[in-house]
Amino acid sequence: MAYKTENTLLYVSDLSVAYGDKTVIKDINFVEKDVIREGSVTGQVIAFVGRSGRGKSTLFRAMTGLIKPTTGKILIADTTTDSENDAKEVHEGDIGFVDQKYTLFRNKTVYQALLFALRKKEMSKEEKHTMIMNYLADWGLEKAKDQYPNELSGGQRQRTAIIEQILCSGHYMVLDEPFSGLDVGNIEDVKNAFNLITSTHEFNTIIYSTHDIELAVELADSIYVIGYPTIDGKRADYGTIVKHVDMKELNLAWKDFGLDHIEIVKQIKAAMLSS
Ligand SMILES: Nc1ncnc2c1ncn2[C@@H]1O[C@H](COP(=O)(O)OP(=O)(O)O)[C@@H](O)[C@H]1O
Ligand SMILES: [Mg+2]
């Protein structure tokens, strides 16, 4: 499928993060650009996979400005200016982050939580109400509108957390293991949600981590494997990118899952096992 790449969306260079004096991730370098396909809005879906403890969550906390990198740089597109190639260093709040536990306010209903997410937006009460009601309808949450987190299912809690982040952040969204703990029906819902997000704005980018390799190969157009690299025959004990699969380049993005995708799943699993 024909596509071209334009502005840089995310630029990560020489990134490392240590907790105390323990380096957890190191030598992380990658660039993701905006993808343009004629006739369709193409937001990016970028997946990070890798065994537990390899540093995926740490990388995400750094990418969303929640922790400061020990070395290196993380630049994101500056969507507040008109100029095409403006980049800026990431700060907390620039990028929506849905963490592994998708924590919600205990004392706020779904509606109240979403209204709170819009608190900094210069919109009238009516505009906010309409916007929230539209999201609730699109995401199948109308009936849950006045319920509190402890009255919601896992899938409903998670969708609320995702909408919260859409409402209060710009065009990026980082989700740490959004599919873990969800049943098949909820996984379908989140898949649809991904589609909904990436097809509404050209710059919308979803970055997520997962243990579901098949689903990553189905959904993502770029997949990074985070693992311990082998250096001089010895396995190091910090995480880095050990494999990158560009599904677009392979002509496998935006296509139904087929035999070629199964082959990629095998390659990714092999890379994970050896790192
Ligand atoms: N706040 C922290 N303080 C100290 N060590 C941490 C902290 N968070 C994570 N770690 C360690 O960093 C490593 C990577 O963890 P994490 O980023 O959670 O990996 P993943 O998400 O891939 O499972 C692990 O060894 C973990 O124990
Ligand atoms: Mg994690």
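The text that follows walks through the structure, step by step, so that each part is easy to find. These figures come from a predicted structure and were not determined experimentally. (Residues numbered from 1 in each chain as written. Chains lettered and ligands numbered in written order. Predicted model: local features only at pLDDT ≥ 70, side-chain atom pairs only at ≥ 80, totals over all residues. Heavy atoms only, no water.)

Quick look at helix α7 (residues 259-273)
Here's step 1: When the terminal C-alpha atoms of α7 are compared, their 21 Å separation across 15 residues agrees well with the 21 Å that a helix rising 1.5 Å per residue should span.
Here's step 2: Packed against the buried residues of α7 are β3 (44-49), α6 (213-219), β9 (222-227) and β12 (240-246). (Helix = DSSP H or I, 4+ residues; strand = E, 2+ residues; numbered from the N terminus. Expected span 1.5 Å × (residues − 1). Contact = heavy atoms within 4.5 Å.)

Regarding the site of ligand 1
Here's step 1: Taken together, Tyr19, Val24, Arg51, Ser52, Gly53, Arg54, Gly55, Lys56, Ser57, Thr58 and Arg61 make up the full set of residues near ligand 1.
Here's step 2: Contact between ligand 1 and Arg54: an oxygen atom at 3.2 Å from a main-chain N or O atom of the residue.
Here's step 3: Measuring from an oxygen atom of ligand 1, one finds a side-chain N or O atom of Thr58 at 2.5 Å.
Here's step 4: Compared with its free state, where it exposes 560 Å², ligand 1 has 57% of that area covered by protein.
Here's step 5: For the shell around ligand 1, the leading source of residues is helix α1 (residues 56-63), giving 4 residues.
Here's step 6: For the shell around ligand 1, a count of residues per class yields 2 nonpolar, 5 polar and 4 charged. (Near = heavy atom within 4 Å. Polar contact = N/O pair within 3.5 Å; in protein donor to acceptor, adjacent residues only side chain to side chain. Areas by Shrake-Rupley, 256 points an atom, 1.4 Å probe, with all protein chains shown as cover. Nonpolar A, V, L, I, M, F, W, Y, C, P; charged D, E, K, R; others polar.)

A word on the packing of helix α2 (residues 110-117) against helix α3 (residues 125-138)
Here's step 1: Where α2 meets α3, the closest approach of the two axes is 10 Å, and the angle between their N-to-C directions is 125°. Considered as vectors, α2 and α3 are oriented oblique to each other. Along this stretch, α2 crosses α3, giving a crossing that reads as right-handed. Along its contact with α2, which presents Val110, Tyr111, Leu114 and Leu115, the element α3 presents Lys128, His129, Ile132, Met133 and Leu136.
Here's step 2: Classifying every residue of the contact of α2 with α3 gives 7 nonpolar, 1 polar and 1 charged. (Axes fitted to C-alpha atoms, helices over the stretch in contact; angles between N-to-C directions. Parallel < 35°, antiparallel > 145°, perpendicular 65-115°, else oblique. Left-handed = near helix turned anticlockwise from the far one by under 90°.)

Comments concerning the pairing of strand β4 (residues 71-77)
Here's step 1: Where strand β1 (residues 4-19) lies against β4, 5 bridges are found, and the strand directions are antiparallel. Opposite Leu10, over in β4, you have Ile76 as the bridge partner.
Here's step 2: Here β4 pairs with strand β5 (residues 87-89) via 3 bridges, running antiparallel. Counted as the bridge partner of Leu75 is Glu89 from β5. (Pairing = 2+ DSSP bridges.)

Examining the packing of aromatic side chains
Here's step 1: All told, the structure shown has 6 aromatic pairs when counted by the stated rule.
Here's step 2: Within the aromatic cluster, the residues linked to one another by ring pairs are Phe30, Phe48, Phe60 and Tyr224.
Here's step 3: Arg37 extends its terminal NZ or CZ atom over the ring of Trp254, reaching a point 3.9 Å from the ring centre.
Here's step 4: One Lys or Arg, Arg54, reaches over the ring of Tyr228 and ends 4.0 Å from the middle of that ring. (Phe/Tyr/Trp six-rings, centres within 6.5 Å; stacked < 30°, edge-to-face > 60°. Lys NZ or Arg CZ within 6 Å of the ring centre and 35° of its normal.)

A closer look at unusual backbone geometry
Comment: phi is negative for the bulk of residues other than glycine, and the bulk of peptide bonds are trans.
Here's step 1: One non-glycine residue, Asp14, lies in positive phi territory at about 50°.
Here's step 2: Looking at the secondary structure, you find Asp14 in strand β1.
Here's step 3: The exposure class assigned to Asp14 is partly exposed, which follows from its relative accessible area of 39%.
Here's step 4: Of note in this structure, Trp254 is not a glycine but carries a positive phi near 60°. (Buried < 20%, exposed > 50% of the residue type's maximum accessible area, 1.4 Å probe, protein only.)

These values are about where atoms sit, not about what they do.
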